[in-house]
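Listed here are the chains, written in short residue letters.
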Amino acid sequence: MKKRVILIVVLFIIGNIYFYQAFSTVFHNKTAHILYWTVDVLLFVSIFAIIFLRQKGVDVQKFSSGLITAFLVVFIPQLLTFPLLFIEDIIRLFRGFPARNIFFSEFVLILSVLILLIIVFGLTKGRFLYQVKKEVLYFSDLPEAFDGFTITQLSDIHVGSFSNRKGVRKGIELANAQNSDLLLFTGDLVNNSANEMEPWIADFSKLNALFGKFSILGNHDYGDYTSWENASAKATNLKRLKEIHQEMGFRLLLNESVKITKDGEYINLIGVENWGKGGFHQYGDLNKATANLSNNSFSILLSHDPSHWDLVTLNHSHHIHLTLAGHTHGMQFGIDFLGIKWSPIQYFYKQWAGLYQKGKKYLYVNRGFGYHGLKGRIGVWPEITVIVLKKVN
């Protein structure tokens, strides 16, 4: 986590210096220059104040969410225009380093305004711009009865971030409209506490599937990122969250497996608790979850953090045909259009969005239903995944 923060700070400083050069080339007013740096200083002071207060045990959730959004509103236009200014510097280097071209600087500023408008769209409409992503996967050892079997996957609801019930219901209705046989949720129902979900139980209870609804816990569901009066209060919160899964009609899988049966045949559905790298807790126990399974049976794993696939699942003694994960949100920012897929999150997670394959094993990383931190989505829109299982000889 510290390395990520340092990288972001370094990029912010470099991008800021470059962007200021374009800004000062176009605007010569000293008041504008002072205002430019005042915004940056306030952002930096606020960020370090939030970090300090969090280390002291102060609940800064409400403030940090708004601050992250403000930071990205400033940072993203600078980051995306930085390559253009850097290219101009290379050209200037071969020309004796003359002053920056005012027309090019004006172009950069206009481009940054357009990027800002896209950000505003993401913070308003983008958070509910649900996308259905469909994948058809072929397996030679899929039981005949499950040929054409459909699965809808949701992940990272983060209900504590929601305020627009109409927008959320749009996503729930779209998920139901897929008419899948099975509905699976891969963790992070809340941001911090179970009570965030209380007003939304009735809405998410409307999710349905013929062969049932199953779920797992994500890293945020354990209440590890907020302060509790004592260990008992934290345990009570987790107990209540587990009850809510049941009240919504979900079977919560806690390092265990169940058989999904159809026409006398079955597939295994395995669910592990959260297991992550880089400081994330590792509550998941795949050995325990697969202890009673036969090695030649078809298996689907729900595991919140995609790093679990690389570090544990791929080399596990039990063959896992398909792993469904979430966690990354696609960073809620990037380019995910016409086959182009990029987000800063890819520098921290090798598998961060969409389908991945190694040999006969698949991983699908859902981009998330909700949002957290950044109060919206920019380029990486909320996702409802539909997977079709097909048998091939």
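Since the model is a prediction, treat every value here as computed from it, not as a measurement.

## Quick word on the overall build of the protein chain
- The helix and strand tally for the protein chain stands at 9 helices and 14 strands.
- The principal-axis extents of the C-alpha atoms in the protein chain amount to approximately 75 × 55 × 40 Å.
- When the accessible surface of the protein chain is split by element, carbon and sulfur atoms take 62% of a total near 18700 Å².
- Taken as two groups, the 39 positive and 30 negative side-chain charges of the protein chain have centres that lie 5 Å from each other.

## Regarding the pairing of strand β8 (residues 299-302)
- Residue alternation in β8 divides its side chains into two sets, Ser 299 and Leu 301 and Ile 300 and Leu 302, and both sets are buried.
- Here strand β7 (residues 265-271) pairs with β8 via 4 bridges, running parallel. Directly across from Leu 269, in β8, lies its bridge partner Ile 300.
- Across 3 bridges, the pairing between β8 and strand β9 (residues 322-325) is parallel. Note that in β9 the partner of Leu 302 across the bridge is Leu 324.

## So, the pattern of salt bridges
- A complete count under the given rule lists 16 salt bridges for this structure.
- Here Lys 390 ties to Asp 147 by a salt bridge, and the two come within 3.7 Å at their closest N and O atoms. One end of the pair, Lys 390, is in strand β14 (residues 383-391); the other, Asp 147, is in the loop between β1 (131-139) and β2 (150-154), with 243 residues separating them in the sequence.
- With a relative accessible area of 27%, Lys 390 lands in the partly exposed category.
- Residue classification places Asp 147 among the partly exposed residues on the basis of a relative accessible area of 35%.
- One salt bridge connects Lys 239 with Glu 243, and the closest N-O pair in it is separated by 2.8 Å. Note that Lys 239 and Glu 243 are positioned in helix α7 (residues 231-247) at a spacing of 4 residues, about one turn of the helix.

## A word on α7
- Its 17 residues place the ends of α7 25 Å apart at the C-alpha level, agreeing with the 24 Å of an ideal helix rising 1.5 Å per residue.
- Here α7 has its buried residues at Asn 237, Leu 238, Leu 241, Ile 244 and His 245. End-on view of α7: buried residues confined to an arc of 115°, all on one side of the axis. Exposed positions of α7 whose direction lies more than 90 degrees from the buried face are Lys 239 and Gln 246.
- Tucked into the core, α7 has its buried residues touching β3 (182-185), α6 (201-204), β4 (213-215) and β5 (250-252).
- By the N-cap criterion, in which a side-chain oxygen at the helix start approaches the backbone nitrogen of a residue two or three places on, α7 is capped by Asn 230, the distance to Ser 232 being 3.1 Å.
- Downstream of α7 by one or two residues, Gly 249 has phi in the positive range, about 90°.

## Examining unusual backbone geometry
- In this structure, Asp 156 is a non-glycine residue whose phi angle is positive, near 50°.
- Along the chain, the position of Asp 156 falls in the loop between β2 and α5 (165-176).
- Residue Asp 156 is classed as buried on the basis of its relative accessible area of 0%.
- At Asp 188, a residue that is not glycine, the phi angle is positive and equals roughly 65°.
- Within the secondary structure, Asp 188 sits in the loop between β3 and α6.
- Residue class for Asp 188 comes out buried when judged on its relative accessible area of 1%.

## What about the sheet that holds β2?
- Ordered by their spatial adjacency, 6 strands build an open sheet running β1-β14-β2-β3-β4-β5, and the pairing between neighbours is mixed. A single partner strand is all that each edge strand has here, and the edge strands are β1 and β5. Ignoring strand direction, the axes of neighbouring strands in this sheet form an average angle of 25°.
- Taken together, the 9 bridges between β1 and β14 define a ladder with parallel strand orientation. By the bridge assignment for β14, Val 136 is matched with Val 388.
- Its contacts with the sheet put α5 on β1, β2 and β14, and the angle it makes with β14 is roughly 10°.

## Here we look at the sheet that holds strand β12 (residues 354-358)
- Reading across the sheet, the 6 strands line up as β6-β7-β8-β9-β13-β12 and stay open at both edges, with mixed pairing between neighbours. The open sheet has two edge strands with one neighbour each: β6 (256-262) and β12. Pairs of neighbouring strands in the sheet enclose a mean axial angle of 20°, with direction left out of account.
- Inspection of the sheet shows β12 paired to strand β13 (residues 361-365) by 5 bridges, in the antiparallel sense.

## Some thoughts on the packing of aromatic side chains
- Following the criterion strictly, the structure yields 30 aromatic pairs and no others.
- The ring of Trp 352 carries Lys 341 above its face, with NZ or CZ at 5.5 Å from the centroid.

## What to know about the side chain of Glu 196
- On the secondary structure map, Glu 196 appears in the loop between β3 and α6.
- For Glu 196, a relative accessible area of 17% gives the class buried.
- Among the polar contacts made by the side chain of Glu 196, one reaches the main-chain amide nitrogen of Gly 160 at a distance of 3.5 Å.
- Sequence-distant contacts of Glu 196, that is, excluding residues within four places in its chain, are made with Val 159, Gly 160, Val 190 and Asn 191.

Criteria and thresholds
- Residues numbered from 1 in each chain as written.
- Predicted model: local features only at pLDDT ≥ 70, side-chain atom pairs only at ≥ 80, totals over all residues.
- Heavy atoms only, no water.
- Helix = DSSP H or I, 4+ residues; strand = E, 2+ residues; numbered from the N terminus.
- Areas by Shrake-Rupley, 256 points an atom, 1.4 Å probe, with all protein chains shown as cover.
- Lys, Arg positive; Asp, Glu negative; His and termini not counted.
- Charge placed at Lys NZ, Arg CZ, Asp CG, Glu CD.
- Buried < 20%, exposed > 50% of the residue type's maximum accessible area, 1.4 Å probe, protein only.
- Pairing = 2+ DSSP bridges.
- Salt bridge = Lys/Arg side-chain N within 4 Å of Asp/Glu carboxyl O.
- Expected span 1.5 Å × (residues − 1).
- Arc of directions from axis to C-beta.
- Contact = heavy atoms within 4.5 Å.
- Polar contact = N/O pair within 3.5 Å; in protein donor to acceptor, adjacent residues only side chain to side chain.
- Axes fitted to C-alpha atoms, helices over the stretch in contact; angles between N-to-C directions.
- Phe/Tyr/Trp six-rings, centres within 6.5 Å; stacked < 30°, edge-to-face > 60°.
- Lys NZ or Arg CZ within 6 Å of the ring centre and 35° of its normal.

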